[in-house]
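Residue strings, one per chain:
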Amino acid sequence: MSALSVRQVRFRYLTLYGLRWLPSGLMIPVMILLMQERGLSLSQIGLVFTAQGLVVLALELPTGGFADALGRKPVLLAAWVVCLASLALMAVADSFWTFFLVWALQGVYRALDSGPLESWYVDATLAADPDAGYERGLGWAGTVVGVAIGAGALLSGGLVALGPVGPVSALTLPVLVAIVLQAVSIVALLALLVERRPASGTATLRASVVEAPRMVGRAVGLLRRNRVLLALVAVELFWGFGMVTFESLLPVRLSEVVGDADRAAALLGPAGSAAWLANAAGAALTPFLLRRLGAAPAAALMRILQGATVVGMGLLAGPVGVLVAYLACYAVHGASNPLHMGLLHRQVDGPYRTSVLSLNSMMAGAAGALGAVVLTALADATSVTVAMLVGAVALAVAAPLYLPAGRAARTAAAAAPAQPGADAEVAGPPAGAASGAVGGVPTPDPAAVLGVADRSA
């Protein structure tokens, strides 16, 4: 990895990150409609989606440990090949069970894909220059994902507008293009991601399988020894719960204020693309927020602001007010991801990085599932507005959980001697302050420092 410069590592990371999300952008607008076209009812569609959730829940932590033990490139390659297989099956699926298999494969893909690319970027950047700040590239990744999904959604709409091509239906066209783009992504992964591992072959594979559970156990052990890391992972519980408001309840709320479900659906098409662009713009603000506030204070402020935007979605009258709050929510969301993930990265040594990211992602997923049950039931029992206000409180109440990270940064900044070229915004607790052995990213003075990055939406 050290053969690449910091700039080269960042360029390769952003390129691969954009290619990874572009097929998803193509699929988002058509996947439910495609399943309906192939004969599935809405209740059956809900059931096939559970296949992905169950597989991710079962494999999230083991695959994270596997990536740390075996290497990020082979795990990513396996993930992207599985995704290609699921897209190919989706193109021809015509029954409940084939679609169930499609989403089970998507679950394997999501579990394998969660964390390795981002972990490679951070470790490759530090290998190229131990003093380098990787926060800017991780912030740009948030912009890249927003642009990629937005562009994919627009391309998908254009393909559907072209209508059927021979025996291929209009809704199947985006799937075929997504298959081509996924194949291109795999070729790019093989060419661009360079990873130095001490050994390879079947012996290494067997050793990695044995080592993976230990990596997971050590990653979980970090939470017991590192209060900062524990607080950061706890943020995901509130964040995942509250995200149900703008991911699932917003369409229902918009339908209420518009007075017509079809009209609301028509508005949500362009609004969804605009939301991802707003997400990208929010991520682009990461360097500014770091300079003005620092990582932990900015992350706490984003939690409060996102809660406020959800309050706006729940209380504002008229579609314009609701959609403006919706776009503001996604802009804040885009800024929040890099800040949170950077703080998380700065608490973990390279050998455990992907395992901790998987643990963080698993917490968000579990909380999201709970939020989907609780908030939708609350909306049925009371109103959508009440459910959104409860979700807004959950988002905002996570803000104090960033205080330990802020205190650790101030303590380290006060204790560390000034160094030429040091980045004050990524200062953190001194070595061993939290856990002794594995409390932070290796630097010239192995300190557990704090900063910013990006998580996958």
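Residues numbered from 1 in each chain as written. Predicted model: local features only at pLDDT ≥ 70, side-chain atom pairs only at ≥ 80, totals over all residues. Heavy atoms only, no water.

Q: Any chance you could explain the overall build of the protein here in plain terms?
A: Scanning the protein from N- to C-terminus turns up 18 helices and zero strands. Expressed as a percentage of the 457 residues in the protein, the buried residues total 54%. Of all intrachain contacts in the protein linking residues separated by at least 6 positions in sequence, the fraction that spans at least 24 positions is 82%. On the protein, roughly 18,400 Å² of surface is accessible, and the fraction owed to carbon and sulfur atoms is 70%. (Helix = DSSP H or I, 4+ residues; strand = E, 2+ residues; numbered from the N terminus. Buried < 20%, exposed > 50% of the residue type's maximum accessible area, 1.4 Å probe, protein only. Contact = heavy atoms within 4.5 Å. Areas by Shrake-Rupley, 256 points an atom, 1.4 Å probe, with all protein chains shown as cover.)

Q: Just to check I follow, could you spell out the nonpolar core for this structure?
A: Within soluble globular proteins, side chains that are nonpolar tend to cluster in buried spots. Ranked by size, the top nonpolar core spans 116 residues in total, and within it Tyr13, Trp120 and Met313 carry the most contacts. At 12 residues, helix α15 (residues 319-345) tops the list of elements feeding residues into this core. (Core = buried A, V, L, I, M, F, W, Y, C linked by side-chain atoms within 4.5 Å.)

Q: For this particular structure, what's the right way to read the packing of helix α10 (residues 227-242) against α15?
A: Between two packed helices, the angle of one axis relative to the other and the distance separating the axes together describe the packing. It is at 10 Å that the axes of α10 and α15 come closest, and there the two elements cross at 150 degrees. Judged on the interaxial angle alone, α15 and α10 are roughly antiparallel. Judged by the twist between their axes, the crossing of α10 over α15 is left-handed. Of α15, the residues touching α10 (which contributes Leu229, Leu232, Val233, Val235, Glu236 and Trp239) are His333, Ser336, Asn337, His340, Leu343 and Leu344. Of the residues contributing to the contact of α10 with α15, the split by class is seven nonpolar, four polar and one charged. (Axes fitted to C-alpha atoms, helices over the stretch in contact; angles between N-to-C directions. Parallel < 35°, antiparallel > 145°, perpendicular 65-115°, else oblique. Left-handed = near helix turned anticlockwise from the far one by under 90°. Nonpolar A, V, L, I, M, F, W, Y, C, P; charged D, E, K, R; others polar.)

Q: Sorry if this is basic, but what is going on with the packing of aromatic side chains here?
A: Note on aromatic pairs: each is described by the distance of the centres and the angle between the planes. One pass over the structure, following the stated rule, counts eight aromatic pairs. Seen in terms of ring centroids, Tyr326 and Tyr330 are 5.2 Å apart; in terms of plane orientation they differ by 75 degrees. Their pairing is edge-to-face. Taken together, the residues Tyr326 and Tyr330, both in helix α15 and four residues apart, mark about one turn of the helix. Here the two residues Tyr326 and Tyr330 agree in accessibility, since each one is buried. Taken together, the ring pairs in this structure connect Phe246, Trp276, Tyr326 and Tyr330 into an aromatic cluster. A cation sits over an aromatic face here: Arg20 above Trp21, 3.7 Å from the ring centre. Directly above the aromatic system of Trp239 lies the positively charged group of Arg303, at a separation of 4.0 Å from the ring centroid. (Phe/Tyr/Trp six-rings, centres within 6.5 Å; stacked < 30°, edge-to-face > 60°. Lys NZ or Arg CZ within 6 Å of the ring centre and 35° of its normal.)

Q: Just checking my understanding: could you explain the environment of Gly321 for this structure?
A: Mapped onto the elements, Gly321 comes out in helix α15. A relative accessible area of 18% places Gly321 in the buried class. Separated by 67 residues in sequence, Gly321 and Leu254 have C-alpha atoms that sit 9.9 Å apart.

Q: I'm lost on a nonpolar patch on the surface in this one. Help?
A: Side chains of Leu237, Phe238, Val393 and Val397 sit close together on the surface and give an oily, nonpolar patch of about 330 Å² of accessible area. Within the residue set of the nonpolar patch, elements represented by two or more residues are α10 and α17 (384-397). Mapped onto the elements, Leu237 comes out in helix α10. (Patch = residues over 30% accessible without salt bridge, like charges linked within 9 Å, V, L, I, M, F, W, Y side chains within 5 Å. Salt bridge = Lys/Arg side-chain N within 4 Å of Asp/Glu carboxyl O.)

Q: For this particular structure, what's the right way to read α15?
A: Residues three or four positions apart in an α-helix share a direction because the helix packs 3.6 residues into each turn. The end-to-end C-alpha separation of α15 is 39 Å, in line with the 39 Å expected for 27 residues at 1.5 Å each. α15 sits mainly inside the fold: 21 of its 27 residues count as buried. (Expected span 1.5 Å × (residues − 1).)

Q: Sorry if this is basic, but what is going on with helix α4 (residues 72-92) here?
A: The terminal C-alpha atoms of α4, which comprises 21 residues, lie 31 Å apart, in line with the 30 Å expected from a rise of 1.5 Å per residue. Where α4 is concerned, the buried positions are Arg72, Val75, Leu76, Ala79, Trp80, Val82, Cys83, Ser86, Leu87, Met90 and Ala91.

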